[in-house]
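Coordinate inspection notes
Below are the chains, spelled out letter by letter.
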Amino acid sequence: MKPIATGLVLLFALAAAPAGAAPRDLAAQVPSAGLSFLGAEIPSLLPSSFTHAGFTQQLLDCPLTSNETTLKVTDVQASVKIGSLEIIPESSGRLRVKVSASASGHLYGAANPCYLSDVKCRFDFGLSSGSAEASFLPGVIGGKLKLGSPVIDLSVSKDNVSIQAASCGMVGSIINLVLPLLKGWLVGFIEKKIEEVLLQNVPPEVEKALANFAQVSGTAGLSASGQLEAASASTGGVSLGVKVDVKAAKTPSCTLPKPQTIAPVTSTPSFSFQGEHLGLALSSATLREALAAAWSAGYFCLSDAQLAGLGLPSAMKPIAGLAFGLSTTDSIAVHVHQSPTLSLSPGSGVSAQIAIPALAIELKGKGANGSATVTATVPTTASVKLVLDPVTRAVAVESVKTTLGTVKLSSTDKTIAPNPQVVEQLLSTMVLPLVEKQLGGLELLPQVMQKSGGIFDPYLVYLARGVTVSDYASLYVRVYKQPASDTSSPSTLYEKKPAALVAPQLFRFVATGSDAETPSPLLRYSWRVDGGSWSTPVYSRAKTVAVADGKHTVEVRAVDLSGKSDPTPASVSFDCDGIRPTLTLTPPPAQVTGATTSASFVASDDRTPAASIEVSLKLEHRKDSSAAFSTVREDPFATASGSVALSGLASGEYRLTLSARDSVGNLSDPAVASFSVSGGAPAPAPGASNPPAGSDPWGVPVEESPDANRGAGTYEGGCNLAARLDACELALGLLALLGLVLLLAARGLARTRLLPDDRER
């Protein structure tokens, strides 16, 4: 082994610490499998053709004369091919590159045998096999990976070198007798060319390939760039540490505060391979910064037009407005005014929770008093997976499940008070699918591997496995090239599909597939809705479909890399009930005297039986027309018998609103009735409301009969209810009279016992 200290290679002192010795934004490790892949690809990138200037070589002295046998070469053309290349990480921290080589070529010139004049010849030579090794110390200079401090060992034997004359005529056989004397020069020439390849051509290709494994670049609503800051080798492979800078790439369409500072991680990444070609460890801090950058760029500011672009049909806007208490709906917008947060979920798979503190859904339209804006704000949690996009090679989000917290409602028109139950259902079926779709397209790191200009271009990369440990999401990646032949077709299954009967909504279908040749992450999916055309295959497993009234069939088929489709696509058929129920209200008399009254209603639907239709009630009161209405009673949706009793009514004006809901959640138009009460009960305290069914006016529970119908339109039970108010008042009066009689009787008995004559008797 000999150290090389020539101008062929840059010698340097390593300024960077070992890549795994400190916390990293992004850590990459290329294990033996990945290095073997690189070793198989790099030889095709190396030069193989070489030339050499002319020279004269004395072969031997001629006997009995002063003449010499010489070879005058005017041109040398050689091909030195690297047959195999191995990249071997060593415990010393060095990276050893081992090659096998062969060579062939021609020498053009003339031979001058002892007693003959010059004879023009071509001399063919070859090297059957040779080997060489060079070891390097990896490090980082100026943000770039460099292999320095080379030590090389060449092994080319004369026994493997051949040379013979050609086109020399009759003297060729004579010249061949002395040509073996040229093998020494040939060995030196071939070794020099192999050395040039090892020191000039191999290091840049290895450096580029390894650096490409940890490349971070691109813009997808946010810009990301990576700066290599550390590199090292060990028996586990080559480790690289990358400093990642992520920031918003555009100005948001909504006003947002400055995101909070995210603390860096303090732990160090680690890897455990199972035959994968590459490991990428993304710190939780880097992922949080990427999410915050996307938020700052307005990724979660969705205007009416953007929601339409995501798939919200205009026909669904009136349905949303009805749920929000608007008679007409002009626009819908979604905003997230606080930065979302991300937390990794430890364990197998790269799972995370994205917490959105306040998802705001804003509807603008018209209510009873004119223009109004109604806003629903709800904390939202999205369970997601991190995936590696095979096309863009970006670390992206795949939405799995989204859950809602408690909905808070506000309105610029205080008379509009939407039902939280109804709003929550609407958010689940119309808004959340769009949020999931938007999240599913989010690229946290636009590109983590070089997409063009490298040896990976003919290959696809895919996420084979994921593990979350401590503060790092570890992605284990395989590199795949389409096989020359593929005789199998993929199969397809639904992972998420709707029920047999649903309401109009946006439904997010999710498919999964398998294939004998193409890895599952590299399967594409094509969709067909209601017998239409098949869509262009894409890698996304999800499709959001706007479901309207009627019968529907949605089909999906997996497509492998060779273009073969599943011959038996997965299919699901279902029915959508888009017809809203109707509710006819028979109101109380316009003028009520006393504290009780009643109303009746009839609810019907084309699919839901009347007994299964749910009805909600809202009763509002005001003292007179100069005051604002306030809610005094509100009952949630429940099955109802068709009548409603109203009791404890104070004098003043009332507004009664009933709404019906069918089995899939469709709402009727609200039925509203107004009436006035005189001679009623004392006015309730501001904000007070009727006690719930099953309790008396003072909050004491009462026992209900087992067969009592607890519907929203039937209110029976204790003395607080109108249907029994008169009987209860009578019973209380009788009890009071009986108590008085007993008291008087007791006093009379006491006086009788105190008379003196009675005592004597």
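Everything below is about the structure shown above.
What you are looking at is a predicted structure, and each value in this text was computed from that prediction instead of being measured.

1. Brief notes about the layout of surface pockets
- Taken as a whole, the largest pocket encloses approximately 1100 Å³ of empty space.
- V387, E398, Y539, S540 and R541 are the residues nearest the centre of the largest pocket, which is lined by 42 residues in total.
- Sorting the residues of the lining of the largest pocket by element identifies β16 (370–388), β17 (395–404), α7 (420–440), β20 (460–469), β22 (491–496), β24 (505–514), β25 (524–529) and β26 (542–547) as the ones contributing at least two each.
- Here the residues of the lining of the largest pocket sort into 19 nonpolar, 11 polar and 12 charged.

2. Topic: the pattern of salt bridges
- Across all of its chains, the model carries 22 salt bridges by this definition.
- Among the ionic pairs, E398 bridges to R541, the shortest N-O distance being 2.9 Å. Note that E398 is positioned in strand β17 and R541 in the loop between β25 and β26, a separation of 143 residues in sequence.
- Note that R607 is salt-bridged to D606, the shortest N-O span being 3.9 Å.
- R607 gets classed as partly exposed once you look at its relative accessible area, which sits at 38%.
- You can call D606 partly exposed: its relative accessible area is 47%.

3. Notes on the packing of aromatic side chains
- Across all of its chains, the model carries 13 aromatic pairs by this definition.
- Centre to centre, the rings of F271 and Y476 are 6.2 Å apart; their planes meet at 90 degrees, and the pair counts as edge-to-face. You can see F271 sitting in the loop between β10 (237–248) and β11 (278–283) and its partner Y476 sitting in strand β21 (residues 472–480), a full 205 residues away along the chain. Each member of the pair F271 and Y476 is classed as buried.
- Note on Y494 and F509: the rings are 6.1 Å apart at their centroids and 50 degrees apart in plane angle, and the pair reads as tilted.

4. Notes on the state of the cysteines
- Counted under the stated rule, the structure contains 2 disulfides.
- In this model C121 forms its disulfide with C168; the gap between the sulfur atoms is 1.8 Å. A residue pair is termed long-range when its members are at least 10 positions apart, and C121 in strand β6 (residues 119–141) and C168 in the loop between β8 (161–166) and α2 (172–176) qualify at 47 residues. Each member of the pair, C121 as well as C168, is classed as buried.

5. Some thoughts on empty space enclosed by the protein
- Taken as a whole and judged by the stated rule, the model has 4 cavities of 30 Å³ or more.
- The volume enclosed by the largest cavity comes to roughly 60 Å³.
- Top contributing element to the lining of the largest cavity by residue count: α7, with 4 residues.
- Residue classes in the lining of the largest cavity are distributed as 10 nonpolar, no polar and no charged.

6. Points about the sheet that holds β11
- With respect to topology, 7 strands assemble into an open sheet ordered β9-β10-β2-β11-β21-β20-β14, the strand pairing being antiparallel. With one partner strand each, in any of the chains shown, β9 (222–234) and β14 (347–348) form the two edges of the open sheet.
- Pairing geometry for β20 and β21, over 9 bridges, is antiparallel. By the bridge assignment for β21, T468 is matched with A473.
- The strands that helix α4 (residues 284–296) touches are β9, β10, β11 and β21; relative to β10, the one it contacts most, it runs at about 25 degrees.

7. Side note on unusual backbone geometry
- Of note in this structure, S149 is not a glycine but carries a positive phi near 50 degrees.
- Within the fold, S149 resides in strand β7 (residues 144–155).
- Of the residues examined, S149 reaches a relative accessible area of 27% and is grouped as partly exposed.
- Its identity as a non-glycine residue notwithstanding, R393 has a phi of 60 degrees, on the positive side.
- Mapped onto the elements, R393 comes out in the loop between β16 and β17.

8. Here's the deal with α7
- Considering bend angle alone, the principal kink of α7 is centred on V431 and spans about 40 degrees; proline P433 follows within four residues of it.
- N-capping of α7 is provided by N419, with a side-chain oxygen placed 2.8 Å from the backbone N of Q421.

9. Points about the sheet that holds β22
- Spatially, the 3 strands line up as an open sheet ordered β22-β24-β26, and their pairing is antiparallel. Because the sheet does not close on itself, it has two edges, and the strands there are β22 and β26. Within this sheet the neighbouring strands show an average axis-to-axis angle of 35 degrees, counted without direction.
- Examined bridge by bridge, β24 and β26 share 6 bridges and lie antiparallel to one another. Bridge pairing in β26 links F509 to K543.
- On top of the sheet, α7 reaches β22, β24 and β26; it is set at about 45 degrees to β24, its chief contact.

10. Considering the nonpolar core
- Grouped together as the largest cluster of nonpolar side chains are 148 residues, with contacts concentrated most on L38, F123 and I361.
- When residues in this core are grouped by element, the largest group, 13 residues, is from helix α3 (residues 183–213).
- Beyond its immediate stretch of four places on either side in the chain, F123 contacts L71, G105, H106, L107, A111, I163, Q164, A165, C168, I175 and L179.
- Of all hydrophobic cores here, the second largest spans 24 residues; its members include L583, F601, Y654 and A673.

11. Thoughts on the pairing of strand β27 (residues 550–559)
- In terms of burial, β27 is largely enclosed, as 7 of its 10 residues are buried.
- Judged from the 6 bridges that link them, β25 and β27 form a sheet pairing that is antiparallel. Following the sheet pairing, S526 is matched in β27 by R557.
- Across 7 bridges, β27 lies against strand β28 (residues 570–576) in antiparallel orientation. Note on β28: the bridge partner recorded for T553 is S573.

12. Remarks on the environment of S167
- Relative to the assigned elements, S167 resides in the loop between β8 and α2.
- For S167, a relative accessible area of 57% corresponds to the exposed category.
- It is 8.3 Å that separates the C-alpha atoms of S167 and F123, two residues lying 44 residues apart in sequence.
- Apart from the residues within four sequence positions on either side, S167 is in contact with K120, C121 and R122.

13. Comments concerning the side chain of E207
- Relative to the helices and strands, E207 is located in helix α3.
- For the buried E207, which has no salt bridge, the nearest side chain bearing the opposite charge is K146, at an N-O separation of 4.2 Å.
- Setting aside residues up to four positions removed in sequence, E207 forms contacts with L145, K146 and L147.

Rules of the game
- Along each chain, numbering runs from 1 in the same order as the chain's sequence is written.
- Per-residue local features of the predicted model are confined to residues with pLDDT of at least 70, and side-chain atom pairs are confined, for both listing and counting, to 80 or more; whole-chain, interface and lining totals are unaffected and use all residues.
- Where side-chain values are given, they derive from all heavy atoms of the structure, hydrogens and water being excluded.
- Lining residues are those with an atom within 4 Å of a point, where the points come from a 1 Å grid over the protein atoms alone and group into cavities, where a 1.4 Å probe fits but cannot get out, or pockets, open sets with protein on both sides within 12 Å along at least five of seven lines.
- Grid points are joined across faces, edges and corners, and a volume is the space filled by probe spheres set on the points.
- The way it works is that DSSP assigns letters per residue, a run of H or I at least four long becomes a helix, a run of E at least two long becomes a strand, and they are numbered from the N terminus.
- Asp, Glu, Lys and Arg are counted as charged, while Ala, Val, Leu, Ile, Met, Phe, Trp, Tyr, Cys and Pro are counted as nonpolar; the rest, among them Gly, fall into the polar class.
- Salt bridge criterion: a side-chain nitrogen from Lys or Arg within 4 Å of a carboxyl oxygen from Asp or Glu.
- Accessibility here uses a 1.4 Å probe with only protein chains present; expressed as a share of the type maximum, an area under 20% marks a residue as buried, one over 50% as exposed, and anything in between as partly exposed.
- For this analysis, a ring pair means two rings from Phe, Tyr or Trp (six-membered ring only for Trp) whose centres lie within 6.5 Å, classed as stacked if their planes differ by under 30 degrees, edge-to-face if by over 60, and tilted for the remaining angles.
- Cysteine sulfur atoms that come within 2.5 Å of each other are treated as a disulfide pair.
- The criterion for strand pairing is that DSSP finds at least two bridges linking the strands in question.
- By the convention used here, residues are in contact when the closest approach between their heavy atoms is within 4.5 Å.
- Whenever a helix is involved, its axis is fitted only over the stretch in contact; in every case the axis is a line through C-alpha atoms, and angles between N-to-C directions fall within 0 to 180 degrees.
- Fitting one axis to the seven residues ending at a residue and another to the seven starting there, the bend at that residue is the angle between the two axes.
- Polar contacts here mean pairs of N or O atoms no more than 3.5 Å apart (in protein, one a potential hydrogen donor and the other a potential acceptor; neighbouring residues in sequence count only if both atoms are side-chain atoms).
- We define the nonpolar core as a collection of buried residues of types Ala, Val, Leu, Ile, Met, Phe, Trp, Tyr and Cys that are connected through side-chain atoms lying within 4.5 Å of one another.
- The sign given to each residue is positive for Lys and Arg and negative for Asp and Glu; His and the chain ends receive no count.

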